[in-house]
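Spelled out, the chains give:
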Amino acid sequence: MEFKLEEPPINIGADISVRSFEMIEEELKDYAKANDYTKDQLEVISRLIHTTTCFDEVLDNIYFSDNAIEKIQTLLLNKAKIIVDVNMIKVGLSDFYLEKYETEVVCYIKEKFTYEMAEKNKTTRSYAAVVEAIKRHKDEPMILACGNAPTFIYAAINTLIEQKVDLKNVAFLLFPVGFVNVVESKDYGRRFCDHFDVAGIIMQGRFGSSTMTVATLHAIFKLIKDYDGVYKYNGK
């Protein structure tokens, strides 16, 4: 049997991206659950589906606290630090957005002091890293973004409370994936957000990933860019 060489039907990157989101928009019409979300929330959801191809998992498990997207946008426009659990998130974020909004991404996972603190306190490095990050930046707006290590969530919440951080300046993006501590940590994060009215976007259950955390941030950055000159955040 002869093997014939083929070329991709669509071979331009920009065209592939456009067609992908067109397909997602078309397929979302078949999911009644999609009607439960706002236009901006669907922008985030579409990005998450684009990253994973998983419609049911995203639609059934995504949680948005009240006005989460708007609050996170406000923090970003106020040059919030994005404190992350792994460098994969840091590397994946668009330089265009980070430079445009003067956003610093903080990850102490590989620092010598993190190894020392983790060993001394018998914790994971992710736990030790976020404790130090919050202590160093507690007087600045911050977005705590987790895509891998659920112990990050426990450390973040406990340190925010212990350090008496102003929670109006805090938001959570919680997307760790796996088995141990994952479901429980996200539940802890949601209860914290609900109790203290903290902005949060959480992928509940075992599902998640660092790439989904990146996709969520890119969606929110894009919404700011799209609304530039149309909406004002905190009067700015």
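It is possible for side chains bearing opposite charge to pair when their charged atoms get close. Evaluated as defined, the whole model comprises twelve salt bridges. In this structure, Arg19 engages Glu26 in a salt bridge whose closest nitrogen and oxygen atoms are separated by 3.4 Å. We classify Arg19 as partly exposed; its relative accessible area is 30%. One salt-bridge network, held together by shared partners, links Arg19, Glu22 and Glu26.

A word on the sheet that holds strand S6 (residues 199–203). Read from one edge to the other, the open sheet built from six strands follows the order S1-S6-S5-S4-S2-S3, with strand pairing classed as mixed. Bordering the open sheet on either side are strand S1 (62–64) and strand S3 (105–106), each of which pairs with just one other strand. Two elements, strand S2 (residues 81–84) and strand S4 (residues 142–146), share four bridges in a ladder whose sense is parallel. When the bridges of S4 are listed, Ile83 appears paired with Leu144. Against the sheet, helix H4 (residues 68–77) makes contact with S1, S2, S4, strand S5 (170–174) and S6, and its axis sits at roughly 115° relative to S6, the strand it touches most. Sheet strands touched by helix H10 (residues 182–196): S1, S5 and S6. Its angle to S6, the strand with the most contacts, is close to 155°.

Time to look at the environment of Thr124. One can find Thr124 in the loop between helix H7 (112–121) and helix H8 (125–137). Taking the C-alpha atoms as reference, Thr124 lies 9.8 Å from Ala155; in sequence the two are 31 residues apart. Beyond its immediate sequence surroundings of up to four residues, Thr124 is in contact with Ala118 and Thr151.

We note that Lys79 has phi near 60°; this positive angle belongs to a residue other than glycine. Counting through the fold element by element, Lys79 comes out in the loop between H4 and S2. The partly exposed category is assigned to Lys79, whose relative accessible area is 43%. A positive phi angle is found at Asp197, which is not glycine, with a value near 55°. Secondary-structure assignment places Asp197 in the loop between H10 and S6.

The N-to-C vectors of helix H9 (residues 151–162) and H10 enclose an angle of 30°; their axes lie 9 Å apart at closest approach. When the axes of H9 and H10 are compared, the pair comes out roughly parallel. When the axes of H9 and H10 are compared, the crossing they make is left-handed. The residues of H10 that touch H9, namely those facing Ile153, Tyr154, Ile157, Asn158, Leu160 and Ile161, are Glu184, Ser185, Lys186, Tyr188, Gly189, Phe192 and Phe196.

Take the packing of aromatic side chains next. Evaluated as defined, the whole model comprises nine aromatic pairs. Note on Tyr101 and Phe221: the rings are 5.6 Å apart at their centroids and 20° apart in plane angle, and the pair reads as stacked. Residue Tyr101 is located in the loop between helix H6 (95–100) and S3, and its partner Phe221 is located in helix H11 (residues 210–227); the two are separated by 120 residues in the primary sequence. Judged by relative accessible area, Tyr101 falls into the buried class, the value being 10%. Centre to centre, the rings of Tyr154 and Tyr188 are 5.2 Å apart; their planes meet at 25°, and the pair counts as stacked. With Tyr154 in helix H9 and Tyr188 in helix H10, this residue pair connects regions lying 34 residues apart in the sequence. Ring-pair connections join several aromatic residues into one group, and the members of that group are Phe96, Tyr97, Tyr101 and Phe221.

Cut-offs used in this document
Residues numbered from 1 in each chain as written. Predicted model: local features only at pLDDT ≥ 70, side-chain atom pairs only at ≥ 80, totals over all residues. Heavy atoms only, no water. Salt bridge = Lys/Arg side-chain N within 4 Å of Asp/Glu carboxyl O. Buried < 20%, exposed > 50% of the residue type's maximum accessible area, 1.4 Å probe, protein only. Pairing = 2+ DSSP bridges. Helix = DSSP H or I, 4+ residues; strand = E, 2+ residues; numbered from the N terminus. Contact = heavy atoms within 4.5 Å. Axes fitted to C-alpha atoms, helices over the stretch in contact; angles between N-to-C directions. Parallel < 35°, antiparallel > 145°, perpendicular 65-115°, else oblique. Left-handed = near helix turned anticlockwise from the far one by under 90°. Phe/Tyr/Trp six-rings, centres within 6.5 Å; stacked < 30°, edge-to-face > 60°.

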